[in-house]
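Remarks on the overall topology
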Amino acid sequence: MLDSIASRYGKLPSQVLREGDTFDLTVLDTALTYQKYQRDKEDGKIADGDMYDMSSLKELAEKAKNRHNENNS
């Protein structure tokens with residue numbers, strides 16, 4: 001992971017270790033996930049919009065909403 005961030009930013013791994021933070025990890029994770037999605041789409045493994053199952057996302061959103069409401073009651 002350190003090497004991937006260093007390559008992406010054109011820095012030495014020691015520079016990334018010294019200057020990097022969790023935002024850099026988030027950017028790397030997002031970029032790699034999107035690249036995999038693009039490769040899978042080109043290979044015909046997934047169709048547009050098939051990255052996430054909508055029913056699962058709705059269920060997770062409902063659980064989060066319920067927890068939020070319970071904590072704020």
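It should be emphasised that the depicted structure is a prediction, and the values quoted were computed from it without experimental measurement.

What about the side chain of Asp40?
Structurally, Asp40 can be placed in helix α3 (residues 22–42). Apart from residues lying up to four places away in sequence, Asp40 is in contact with Lys45 and Ile46.

Here we look at the packing of helix α1 (residues 2–9) against α3
Relative orientation of the contacting elements α1 and α3 amounts to 85°, with a least axis distance of 11 Å. Taken as axis vectors, α1 and α3 run roughly perpendicular relative to one another. Where α1 abuts α3, its residues Ser4, Ile5, Arg8 and Tyr9 lie against Asp24, Leu25, Val27, Leu28, Ala31 and Gln35. In terms of residue class, the contact of α1 with α3 is built from six nonpolar, two polar and two charged.

Side note on α3
Counted at 1.5 Å a residue, the expected span for α3 with its 21 residues is 30 Å, and the 30 Å between its end C-alpha atoms agrees. Regarding α3, the residues found buried are Asp24, Leu28, Ala31, Tyr37 and Asp40. Here α3 starts with a cap whose side-chain oxygen sits 3.0 Å from the backbone nitrogen of Phe23, and that cap is Asp21. Two residues or fewer past α3, Gly44 is found with a positive phi of approximately 80°.

Re a nonpolar patch on the surface
On the surface, Tyr52, Met54, Leu57 and Leu60 cluster together to form a nonpolar patch covering roughly 420 Å² of accessible area. Among the structural elements, Leu60 can be located in helix α4 (residues 54–71).

A look at the confidence of the model for the protein chain
Overall, the prediction assigns the protein chain a mean pLDDT of 88, with 95% of residues at 70 or greater. For the protein chain, α1 is the element with the lowest average pLDDT, namely 89, and helix α2 (residues 13–19) is the one with the highest, namely 93.

Brief notes about the packing of aromatic side chains
All chains considered together, the criterion is met by one aromatic pair. With centroids separated by 6.3 Å and ring planes inclined at 35°, the aromatic side chains of Tyr34 and Tyr37 adopt a geometry described as tilted. Placement of the pair is Tyr34 and Tyr37 together in helix α3, with a separation of three residues, close to one helical turn.

Criteria and cut-off values
Residues numbered from 1 in each chain as written. Predicted model: local features only at pLDDT ≥ 70, side-chain atom pairs only at ≥ 80, totals over all residues. Heavy atoms only, no water. Helix = DSSP H or I, 4+ residues; strand = E, 2+ residues; numbered from the N terminus. Contact = heavy atoms within 4.5 Å. Axes fitted to C-alpha atoms, helices over the stretch in contact; angles between N-to-C directions. Parallel < 35°, antiparallel > 145°, perpendicular 65-115°, else oblique. Nonpolar A, V, L, I, M, F, W, Y, C, P; charged D, E, K, R; others polar. Expected span 1.5 Å × (residues − 1). Buried < 20%, exposed > 50% of the residue type's maximum accessible area, 1.4 Å probe, protein only. Polar contact = N/O pair within 3.5 Å; in protein donor to acceptor, adjacent residues only side chain to side chain. Patch = residues over 30% accessible without salt bridge, like charges linked within 9 Å, V, L, I, M, F, W, Y side chains within 5 Å. Areas by Shrake-Rupley, 256 points an atom, 1.4 Å probe, with all protein chains shown as cover. Salt bridge = Lys/Arg side-chain N within 4 Å of Asp/Glu carboxyl O. pLDDT = per-residue confidence, 0-100. Phe/Tyr/Trp six-rings, centres within 6.5 Å; stacked < 30°, edge-to-face > 60°.

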